[in-house]
Amino acid sequence: MAQRPNAKSKTVNKPAMPWTRPSWDEYFMDIVALVARRSTCLRRGVGAVIVKDKRLLTTGYNGAPSGLRHCLETGCLREELNISSGERHELCRGLHAEQNAIIQAAVHGVSIKGATLYCTSHPCAICLKMIINAGITNIVYREGYSDKLAEQMLGETGIEAKKL
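Overview of the structure. The shown structure was predicted, so the numbers you read here are calculated from the model rather than taken from an experiment.

1. What to know about the pairing of strand β1 (residues 47–52)
So, step 1. Of all the six residues making up β1, five are buried; the element is thus mostly covered by neighbouring parts of the structure.
So, step 2. Bridge count between β1 and strand β2 (residues 55–61): six bridges; the pairing is antiparallel. For Lys52, the partnering residue across the bridge sits in β2 and is Arg55.
So, step 3. From the end of β1 to the start of β2, which pair antiparallel, there are two residues, and Asp53 there has a positive phi angle of about 55°.
So, step 4. Pairing of β1 with strand β3 (residues 116–121) involves four bridges; the strand directions are antiparallel. Considered in β3, the bridge of Val51 is made with Thr116.

Right, here's the structure in full:
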């Protein structure tokens, strides 16, 4: 338990913490991992959060639109057709985590211009186009995603992206 400041020195003796305090990037990436646990995708659970001024604005995970049956109930058409990851997105019932986070901002009237998107995976080209037009200026992600077009387009923007 912390002691009260000494009247003379005005210092506080803090106990040693049994953990290391995370950086802001680590903090939001830990939240992204928790959000990803809500995913209903049978192939890859992805989570995303949008943050501005160190304040969490919205969250999103990959899954079917609200009110529709999701892949945990219907099965995965892309898996049945043996479609590789990153291809034929239109055959998926779900929205990507980044898309859901951006949509939540629109639904609730929250400006995400100038914000940072934290995500478990590097955004695909479809999501990157939305990120660009939403005015998001930074992307922090945990793992790569094989999408050459997304990498090329990202290089043409002023968006800073870093792998954590």
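2. Notes on the pattern of salt bridges
So, step 1. Across all of its chains, the model carries three salt bridges by this definition.
So, step 2. Of the charged contacts, one joins Asp25 and Lys162 as a salt bridge, the two residues approaching to 2.5 Å between their closest N and O atoms. One end of the pair, Asp25, is in helix α1 (residues 24–36); the other, Lys162, is in strand β5 (residues 160–163), with 137 residues separating them in the sequence.
So, step 3. For Asp25, a relative accessible area of 15% translates into the label buried.
So, step 4. The residue Glu79 makes a salt bridge to Arg43 at a minimum N-O spacing of 2.8 Å. Note that Glu79 is positioned in helix α3 (residues 77–80) and Arg43 in the loop between α1 and β1, a separation of 36 residues in sequence.

3. Some points on the packing of aromatic side chains
So, step 1. Taken as a whole, this structure holds four aromatic pairs when the rule is applied.
So, step 2. Pairing Trp24 with Phe28 gives two aromatic rings, centres 5.9 Å apart and planes at 25°, and the pair type is stacked. Taken together, the positions of Trp24 and Phe28, both in helix α1 and four residues apart, correspond to about one turn of that helix.
So, step 3. The exposure class of Phe28 is buried, given its relative accessible area of 3%.
So, step 4. Chaining the aromatic ring pairs together yields one cluster made of Trp24, Tyr27, Phe28 and Tyr118.

Each value, and the rule that gives it
Residues numbered from 1 in each chain as written. Predicted model: local features only at pLDDT ≥ 70, side-chain atom pairs only at ≥ 80, totals over all residues. Heavy atoms only, no water. Buried < 20%, exposed > 50% of the residue type's maximum accessible area, 1.4 Å probe, protein only. Helix = DSSP H or I, 4+ residues; strand = E, 2+ residues; numbered from the N terminus. Pairing = 2+ DSSP bridges. Salt bridge = Lys/Arg side-chain N within 4 Å of Asp/Glu carboxyl O. Phe/Tyr/Trp six-rings, centres within 6.5 Å; stacked < 30°, edge-to-face > 60°.

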